[in-house]
Amino acid sequence: MDSMTTLFDPANFGDITVANRLVMAPLTRNRALGQVPQALHVEYYRQRASAGLIITEATQIRPDGQGYFDTPGLHSAEQIAGWKPVTDAVHAAGGKIVVQLWHVGRISVKRLQPGGQAPVSSTPRAARTRTYAAHGELVPTDEPRALRTDEIPQLIADYAQAAKNAIAAGFDGVQVHAANGYLLDQFMRDSANDRSDAYGGSMENRARLLIEVMTAVAEAIGPGRTSLRLSPVTPSNDIGQDSNPQALFNHVVERLAPLKLAFLELVEGTTGGPRDSAPFDYEALRQRFQGPVILNNGYTRDMALETVASGRADAVSIGRPFIANPDLFERIRDNLPWAEGHKETYYGGGAQGFTDYPRAALT
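What this report covers is the structure whose coordinates are included nearby. (Residues numbered from 1 in each chain as written. Predicted model: local features only at pLDDT ≥ 70, side-chain atom pairs only at ≥ 80, totals over all residues. Heavy atoms only, no water.)

**Concerning the overall build of the protein chain**
Broken down by element type, the protein chain carries 10 helices and 14 strands. A globule of 363 residues ought to have a C-alpha radius of gyration of about 21 Å, and the protein chain, at 19 Å, matches this closely. For the C-alpha atoms alone, the extent of the protein chain along its principal axes is close to 55 × 45 × 35 Å. Within the span of the protein chain, comprising 363 residues, buried residues form 59% of the whole. A separation threshold of at least 6 residues defines the contact pool for the protein chain, and within that pool the share at least 24 residues apart is 73%. As displayed, the protein chain has an accessible area near 13400 Å², and 51% of this comes from carbon and sulfur atoms. Mean positive and mean negative side-chain charge positions of the protein chain (35 and 40 charges, respectively) differ by 1 Å. (Helix = DSSP H or I, 4+ residues; strand = E, 2+ residues; numbered from the N terminus. Rg over C-alpha atoms; globule rule 2.2 N^0.38 Å. Buried < 20%, exposed > 50% of the residue type's maximum accessible area, 1.4 Å probe, protein only. Contact = heavy atoms within 4.5 Å. Areas by Shrake-Rupley, 256 points an atom, 1.4 Å probe, with all protein chains shown as cover. Lys, Arg positive; Asp, Glu negative; His and termini not counted. Charge placed at Lys NZ, Arg CZ, Asp CG, Glu CD.)

Put into structure tokens, the structure is as follows:
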């Protein structure tokens, strides 16, 4: 990394060339209609296209991947068609956009599952957490069932198909969501994986599903359009700490490095919380990955500028400030204040708190 590189310089993330190194992190907003993006999504993402790269809200790879109300999918023709105007609008505004591919695993309830079935996971143990089953309705998650070994090839194929659907919808690439206690994280950590088959027990076995998913997605759309999100020590969604997170995630990244993925996004500390909640050497992962690394969690303007200028990361991703600041890149560039979001409109609703935040020039 050139020591003169700044947050405002262009970069190449695999096959994706971006105009600057500020990334909009994925933000669940619960405004899809029947798991299909609507016209509001087109405007929402278009407004934020000055970010070097947008990573969309987490998006289900298949029907049983849903764990929250009104989240979008990417497993039907209607959903592909719903996303296409979004990607067209971002590209017309000069931006780049990738979709985050998601399966929540056990962070769900039967009422959101096809046929009212139990959610699937690495384990039959329920997560001691809650999820939004409907607007304003926070309920305990239901007891899952462990995926059978013979069901795993179809899961891997569904990730690959969702990636193909993303390209058909006009996305520049995909990010596989393996963070925050969702399905792939449930398989990786021994705190949530009590299996005795080829996907449980040893660190190598627990990492197997993620490695097979990433390999399949990279083969489906090309490694230069495939990326990954990890959160090595977050306790989100009752995932618990792995008994040796450094060894586990070092192993994962070493195994994935030969794929030459577009980028790796790392959540430092507790997602949406303290950055130093548990000891972890993120630089060790960067050295093993040997490709573009994006760091995330609680970044301010000064932190973002320093992190890229120092070479500690190739880019920085910021989430919640993008809600109230569609022009966050310009605000950072021109050192303008950041607006505060209306938390009561973060999850669900319509245009209010979604597409009605003004740009700095209008405030």
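From this point, the discussion proceeds with the structure in view.
**What to know about the nonpolar core**
Counting 82 residues, the largest nonpolar core has Tyr 45, Leu 209, Leu 210, Leu 228 and Leu 230 as its most contacted members. Element by element, the count of residues in this core is highest for helix α5 (residues 203-221), at 10 residues. In this structure, Leu 209 is in contact with Ile 152, Leu 155, Ile 156, Leu 184, Phe 187 and Tyr 199, ignoring residues within four places of it in sequence. In this structure, Val 18, Phe 263, Ile 294 and Ala 315 belong to the second largest nonpolar core, which totals 12 residues. (Core = buried A, V, L, I, M, F, W, Y, C linked by side-chain atoms within 4.5 Å.)

**Focus on the environment of Phe 280**
Among the structural elements, Phe 280 can be located in the loop between β12 (263-267) and α7 (282-289). Taking the C-alpha atoms as reference points, Phe 280 and Pro 245, 35 residues apart in sequence, are found 7.9 Å from one another.

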